Amino acid sequence: MTQLQVESMHLKESLTTSLAAVKLPAPTKATTPASTICASHVTREELQSRKRFCVFLKILSSYLERTDSEMHQRVKQLVRHCTRMNRERDIKYLDLTKALQVRLQSLIGEKLWCQCHAVADFHLLSRQTSTVAASAAATTTTTTATTITSGASNTQAV
């Protein structure tokens with residue numbers, strides 16, 4: 001293995017292990033941000049993209065907080081700046097997600113950008129898989145309970 005592959009592997013392991021420590025905020029019924037007020041409707045794809053970016057940002061922030069406090073502060077300042085400009089309705093910041101993506105990618109570099117996205121994708125996929133498995137298990141349990149209940153009622157009727 002080359003040195004770059006080894007470093008990449010260690011960084012990916014570090015990001016993956018830190019994923020367990022990341023606590024994503026629960027959805028709330030907060031006021032709508034300025035970036036969505038302008039749009040007449042938001043598509044499902046846009047919502048998925050925003051969700052993916054929020055998970056990416058949380059993972060990046062958590063990783064930088066533990067490994068590089070100076071870069072973590074710079075990322076926080078960038079997010080505050082972009083948010084402020086979005087609220088002031090600056091034309092370059094109307095789509096807050098895109099504004100942050102462009103500026104963050106140049107700030108943190110391609111390598112960390114790709115690795116954090118890989119971890120975020122893995123996290124979202126594992127959450128989606130566990131949700132599907134849980135709903136399938138619930139359906140199976142309900143079906144089994146219904147079968148057992150209906151079988152018991154047939155036995156009693158005989």
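In this text the structure is predicted, and so the values were computed from the model without any measurement.

K.L.:
Before we move on, can you summarise the side chain of histidine 117 with the specific residues and values?
P.N.:
Note on placement: histidine 117 falls in helix α6 (residues 110-157). Not counting residues up to four positions away in its chain, the partners in contact with histidine 117 are Arg52 and Phe56.

K.L.:
Break down the packing of aromatic side chains for me, with residues and values.
P.N.:
One pass over the full model with this rule turns up 2 aromatic pairs. Taken together, a centroid distance of 4.7 Å and an interplanar angle of 65 degrees make the contact between phenylalanine 56 and tryptophan 113 edge-to-face. Of this pair, phenylalanine 56 sits in helix α3 (residues 44-67) while tryptophan 113 is found in helix α6, placing the two residues 57 residues apart along the sequence. Residue classification places phenylalanine 56 among the buried positions, given a relative accessible area of 0%. Three or more aromatic residues joined by ring pairs make a cluster, and in this case those are Phe53, Phe56 and Trp113.

K.L.:
Which residues make up the pattern of salt bridges, and what are the values?
P.N.:
This structure, assessed with the given rule, holds 1 salt bridge. The salt bridge involving aspartate 121 is made with arginine 52; its shortest N-O contact spans 2.6 Å. Of this pair, aspartate 121 sits in helix α6 while arginine 52 sits in helix α3, placing them 69 residues apart in sequence. Looking at arginine 52, the relative accessible area reads 32%, which means it is partly exposed.

Calculation notes
- Residues numbered from 1 in each chain as written.
- Predicted model: local features only at pLDDT ≥ 70, side-chain atom pairs only at ≥ 80, totals over all residues.
- Heavy atoms only, no water.
- Helix = DSSP H or I, 4+ residues; strand = E, 2+ residues; numbered from the N terminus.
- Contact = heavy atoms within 4.5 Å.
- Phe/Tyr/Trp six-rings, centres within 6.5 Å; stacked < 30°, edge-to-face > 60°.
- Buried < 20%, exposed > 50% of the residue type's maximum accessible area, 1.4 Å probe, protein only.
- Salt bridge = Lys/Arg side-chain N within 4 Å of Asp/Glu carboxyl O.

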